[in-house]
Amino acid sequence: MSADSPEPEIDGSSHDPKLAFETWRGLFDALSEPIYVQDRDGSFLEVNRAAVEIHGYTREELIGASPALLGAPGRVDIESTLDAVRLALDGQPQVFSWWSRHKDGSEFPKEISLTKASFFGKDVVIAVVRDVREQIDREAALMSTEARYRAVFELANDGMLIADCDTGEVRSVNRCAEELFGLARDQLRGRKLVELLNPAGDDAYGTRAERLERLTAALAKRDGTSSIIKWSLHGAGVELRWVDLGFSPLPAAEGEGGAHLVVSIHDYTEKKRASEALRTVEQRERVAERLRALGELAAGVAHNFNNALTSILAHTQVLARSDDLPQWAREDLLVIERVSRGAAVTIRRIQSFARTRDPDALEAADLADVVANAVALTRPRWHPPGGDGKWDLDWTPSEVRLPIIGNGAELCEVIVNLILNGLDAMPEGGRLTVSTGLDGDRVWVEVGDTGVGIDAGSQRRLFDPFFSTKGRQGLGLGLSVSHGIVGRHHGEISVLSEPGHGSKFTVWLPLGEHVGETEGGTMGGARPSIILLVDDDPVVRRSLGQMLEQLGHEVVMAEHGKEALIRLDERPDIDLVLTDLAMPVLDGAGLVRECARRWPKLPRILMTGLVADAEPGLVELTDLILSKPIDLAVLDRVLARLLPSMPLA
């Protein structure tokens, strides 16, 4: 109120003063807002009914009292209040907040407006009070609600963006959005939504242009919520992320500008990768099941083939040692022997790859054979029938044995994976080199290509799970699995590569002790002995019996383990037991265990189609394990080791 404006008057001039006062009193008490009439000292000259009700004091208690009666101790300054009364009386209206006290001691806030007026001819101050408790409660509730929504916004597991609908610029972001895009809040604010959510490219859900059109339509929608699922964008470090997008308009608050758009970004990249990895594992399990079935079939077939080859080799080698054999016949027998040996290698290769793959089943193996298996298994890929011959394989089989202790099937998988990776790195063709060697107490195999090469950054993550240099064509599991296999064999795998100059992977494994059956050198003939030969196949028994007899030994035969125990009881002079593994009634394992218990010093040789078929505990009870088919020279050396020549008289 300006100094020149007319002051409100409460005047008692009337023909009937009493009637005038009663009329004024009725109107004064009818006002809903508490009103006080104060003099220059702040004392209350008059109060209305609302003022009485808000404080709980009677009119008589309030008239003549000062503001100190109604002030909340410690929360108001009475002197400042009285100064405001005097200023108002001087023509300067005052408005301020004030904490008041009820008669019962409770405290509450109110807003006071002080204005100069005339009260029955006397200058006074009119104090109009507004109870602001509800307003403060509403503001507190609003602040609490805003704090809760801010907490939900910040702590949400999805990335959240709030953007201006008119400009499309980001106004607010939460913690997850910072992590998703790898940018600080200040860097994200002001960015265009279309730029941040720009699709990564064409995929199974549409071309980049089609997807960008869908995004633009969703951002332009002003009514109702919408969503876009299976969206790909570039996140932190330009990494491809798979997300679901949600859009919800946010009306403008009172006093604000235009409307806003809330965008939620649900990142399911890790879930997608885990799902793909699970499918890969399930596929590997299905393949493993098929391989287990194939292994069981191969074991049975190989057993029969090995028995047949044992008989063929035995007869061939026995006949070839005949002195009166024509030269042409001897040469034909050597051809038969050579072909039989080749067939035996093929059978062993099928057994090694198709049998059940137990990662803990370690055996004596030859790394040269493992590499040969891997090269043979990948041949349809690098040299397809009728192919264009765009890949050249440079590989020479090792001339020396490279003994290791390990799981041949798993190691073969490692070499196969390296060969296939090398071929993938040369889509337009090139040269693949595979080499092996021996270096001190380690053996190694190296697979090199002339492909695109690998940069230094990718080399550091090359063996991490789910990391792939093949884009969407690779799941990033091959090298990770290979690294794990090599690690279980106490070996190392390394890579040397340079972009544009190919790659070279090297696997190092500890040198193992080779099985005695293939040792070179002559150990001298075994002394003539009595040998118990146990095999359920009569043809194999007869063939091996002939070999043993030609070597100068007496042969006692048994069809199965139970019969062999009877022969041992009957013939305590038996010097050695030579038994097959797979037999009816009592197999070779049961026979070896019983012999070890009853005749611990009796030498025991176990025959089997595949050394890995023998249980680890059984190997410890056996003096030697011979792989079928049996070679005459190998059999002679083995017997010479276990049955030394008799000393000369």
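Residues numbered from 1 in each chain as written. Predicted model: local features only at pLDDT ≥ 70, side-chain atom pairs only at ≥ 80, totals over all residues. Heavy atoms only, no water.

Trainee: For the overall build of the protein chain, give the residues involved together with the corresponding values.
Mentor: Looking only at helices and strands, one finds 20 helices and 23 strands in the protein chain. Among the 649 residues that make up the protein chain, the fraction classed as buried is 42%. Relative to all contacts within the protein chain whose residues are 6 or more apart in sequence, the contacts with residues 24 or more apart total 58%. Here the protein chain has roughly 34,100 Å² of accessible surface; of this, 54% comes from carbon and sulfur atoms. (Helix = DSSP H or I, 4+ residues; strand = E, 2+ residues; numbered from the N terminus. Buried < 20%, exposed > 50% of the residue type's maximum accessible area, 1.4 Å probe, protein only. Contact = heavy atoms within 4.5 Å. Areas by Shrake-Rupley, 256 points an atom, 1.4 Å probe, with all protein chains shown as cover.)

Trainee: Tell me about the packing of helix α17 (residues 561-570) against helix α18 (residues 588-598), residues and numbers included.
Mentor: One can describe the packing of α17 onto α18 by two numbers: an axis separation of 10 Å at closest approach and a directional angle of 25°. Relative to α18, the element α17 lies roughly parallel. Handedness of the α17/α18 crossing: right-handed. Listed contacts from α18 to Gly561, Ala564, Leu565, Leu568 and Asp569 of α17 are Leu591, Glu594, Cys595 and Arg598. Split by residue class, the contact of α17 with α18 holds 5 nonpolar, 1 polar and 3 charged. (Axes fitted to C-alpha atoms, helices over the stretch in contact; angles between N-to-C directions. Parallel < 35°, antiparallel > 145°, perpendicular 65-115°, else oblique. Left-handed = near helix turned anticlockwise from the far one by under 90°. Nonpolar A, V, L, I, M, F, W, Y, C, P; charged D, E, K, R; others polar.)

Trainee: Got a sec to walk through the packing of aromatic side chains? Specific residues and values, please.
Mentor: Applying the stated criterion to the full structure yields 2 aromatic pairs. Measuring from ring centre to ring centre gives 5.2 Å for Tyr36 and Phe44, while their planes differ by 35°; the resulting arrangement is tilted. You'll find Tyr36 and Phe44 in the same group, each marked buried. Between Trp444 and Trp508, the aromatic rings sit 6.4 Å apart at their centres with planes inclined by 50°, giving tilted as the arrangement. Of the two residues, Trp444 sits in strand β16 (residues 442-449) while Trp508 sits in strand β18 (residues 503-510), which places them 64 residues apart along the sequence. Assigned by exposure class, Trp444 and Trp508 land together as buried. Its guanidinium or amino end placed over the ring of Trp242, Lys272 lies 4.7 Å from that ring's centre, counting from NZ or CZ. (Phe/Tyr/Trp six-rings, centres within 6.5 Å; stacked < 30°, edge-to-face > 60°. Lys NZ or Arg CZ within 6 Å of the ring centre and 35° of its normal.)

Trainee: Requested: an account of the nonpolar core, with residues and values cited.
Mentor: Ranked by size, the top nonpolar core spans 36 residues in total, and within it Leu367, Leu418, Ile419, Phe505 and Val507 carry the most contacts. Those elements that provide at least two residues to this core are α12 (367-382), α13 (408-424), β15 (430-439), β16, α15 (478-488), β17 (492-497) and β18. Per-element tally for this core: the top contributor is α13, with 8 residues. Ignoring sequence-local partners within four residues, the contact set of Ile419 consists of Ala374, Val375, Thr378, Leu432, Val434 and Val447. Grouped together as the second largest cluster of nonpolar side chains are 26 residues, Val318, Met547, Met607 and Leu642 included. (Core = buried A, V, L, I, M, F, W, Y, C linked by side-chain atoms within 4.5 Å.)

Trainee: Explain the UniProt feature "modified residue: 4-aspartylphosphate" (unreviewed entry) in the protein chain residue by residue, including any values.
Mentor: As recorded in UniProt, the sites labelled "modified residue: 4-aspartylphosphate" (unreviewed entry) are Asp580. Along the chain, Asp580 falls in strand β21 (residues 576-580). (UniProt positions renumbered as here; feature names shortened; annotations may be inferred.)

Trainee: Before we move on, could you go through the pairing of strand β23 (residues 624-627) and cite the residues and values that matter?
Mentor: Side chains of β23 alternate between two faces, with Leu624 and Leu626 and Ile625 and Ser627 buried alike. Relative to β23, strand β22 (residues 604-608) runs parallel, the two sharing 4 bridges. By the bridge assignment for β23, Thr608 is matched with Ser627. (Pairing = 2+ DSSP bridges.)

Trainee: Outline the sheet that holds strand β8 (residues 170-173), listing residues and values.
Mentor: The sheet built from 5 strands is open, its strands ordered β8-β7-β11-β10-β9 with antiparallel pairing. Each of the sheet's edge strands pairs with one partner strand only, and the pair in question is β8 and β9 (226-234). Strand-to-strand twist in this sheet, taken as the mean axis angle between neighbours without regard to direction, amounts to 30°. Here 8 bridges tie strand β10 (residues 240-250) to strand β11 (residues 260-267), and the two strands are oriented antiparallel to one another. Bridging from a neighbouring strand, Gly246 pairs with Ser264 of β11.

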